[in-house]
Amino acid sequence: MSTIEHSVDVEVPVRVAYNQWTQFESFPEFMEGVESVKQIGDTRTAWVAEIAGVRREFEAEITEQHPDERVAWRSLDKPRHAGVVTFHRLDDSRTRVTLQMEYDPEGFLETAGDWLQLVRLRVVNDLDRFKAFIESRGSETGGWRGDVPGPHQRGSTYDDSTQPTPPGPVGGDPLVPPGTVGGGDTRPGGTLPPPGPVPPRTPPPAGPDPVL
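Residues numbered from 1 in each chain as written. Predicted model: local features only at pLDDT ≥ 70, side-chain atom pairs only at ≥ 80, totals over all residues. Heavy atoms only, no water.

J.: What's the story with the packing of helix H1 (residues 14-21) against helix H3 (residues 118-137) in this structure? I'm lost.
T.: Packed helix pairs are specified by the crossing angle of their axes together with the interaxial distance, meaning the distance between the axes. It is the contact of H1 with H3, at a shortest axis distance of 11 Å, that shows an interaxial angle of 115°. The interaxial crossing formed by H1 with H3 has right-handed handedness. Mapping the contact onto sequence places Val-16, Ala-17, Gln-20 and Trp-21 in H1 and Leu-127, Phe-130, Phe-133 and Ile-134 in H3. Counted by class, the contact of H1 with H3 contains seven nonpolar, one polar and no charged residues. (Axes fitted to C-alpha atoms, helices over the stretch in contact; angles between N-to-C directions. Helix = DSSP H or I, 4+ residues; strand = E, 2+ residues; numbered from the N terminus. Left-handed = near helix turned anticlockwise from the far one by under 90°. Contact = heavy atoms within 4.5 Å. Nonpolar A, V, L, I, M, F, W, Y, C, P; charged D, E, K, R; others polar.)

Structure follows, in structure tokens:
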């Protein structure tokens, strides 16, 4: 299992940075290797991406989301990855965006890419491109302000049996987004989905990677 953590300070208010991140279908505009992201459900997205030279198609699920605070996700199929993006208000016009991710490289090419830190470099560059993208616009392209409760917040009215239960790595537990409810705090070497999913954004729906 490999882990990544990186932060970038963006010159926009926290609301703007968060709203833009919820626009998953815009990810190809600043994420290297991401061909497309499509919203296929309230908390699911379908990805087509090139990872370490290998073209992959996979689905990801939002596991927790709170406006202006965090978006956590995990993949539902291989390659295994999970993570969380958090948003920290520095002042009225600046926000720190922190990405934590853990992933399980598959095959020789992906393992070699991990060894060479190619995926880590891509994450760093993707966040830098996100910074340039949102700062050049000055405002978000859309936003979804719904809330997805974490496992600890699901009360008696929440029927967990109706929720998808993605399989975990062979011989181990399912990947749980690091630094979020249900996943230990692994800092400073911690873990994040690609990239995660959310319902249609603008206007908000009736219901709510890679960064690699």
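Still more ground to cover, so stick around.
J.: Whenever I open this one, H1 confuses me. Can you help?
T.: One full turn of an α-helix is made of 3.6 residues, so residues set three or four places apart face in the same direction. The element H1 is extensively covered by neighbouring structure, given that seven of its eight residues are classed as buried. When we look at burial in H1, the residues that qualify are Val-14, Val-16, Ala-17, Tyr-18, Asn-19, Gln-20 and Trp-21. Elements in contact with the buried residues of H1: strand E1 (2-10), strand E4 (54-66), strand E5 (70-75), strand E6 (81-91), strand E7 (94-103) and H3. (Buried < 20%, exposed > 50% of the residue type's maximum accessible area, 1.4 Å probe, protein only.)

J.: Got a minute to help me understand the sheet that holds E5 in this structure?
T.: Backbone hydrogen bonds hold the strands of a sheet together, and the pairing may be parallel or antiparallel. An order of E1-E7-E6-E5-E4-E3-E2 is seen for the seven strands of this open sheet, with the pairing classed as antiparallel. Looking at strand neighbours, the two that pair on one side only are E1 and strand E2 (34-41), the edges of this open sheet. In this sheet, adjacent strand axes meet at a mean angle of 20° when their direction is disregarded. With eight bridges joining them, strand E3 (residues 44-51) and E4 adopt antiparallel strand pairing. Its bridge partner lying in E4, Arg-44 is registered against Glu-61. H1 rests against E1, E4, E5, E6 and E7 of the sheet, and its axis sits at about 160° to E6. Across the sheet, H3 is in contact with E1, E3 and E7; its angle to E1 comes to roughly 20°. (Pairing = 2+ DSSP bridges.)

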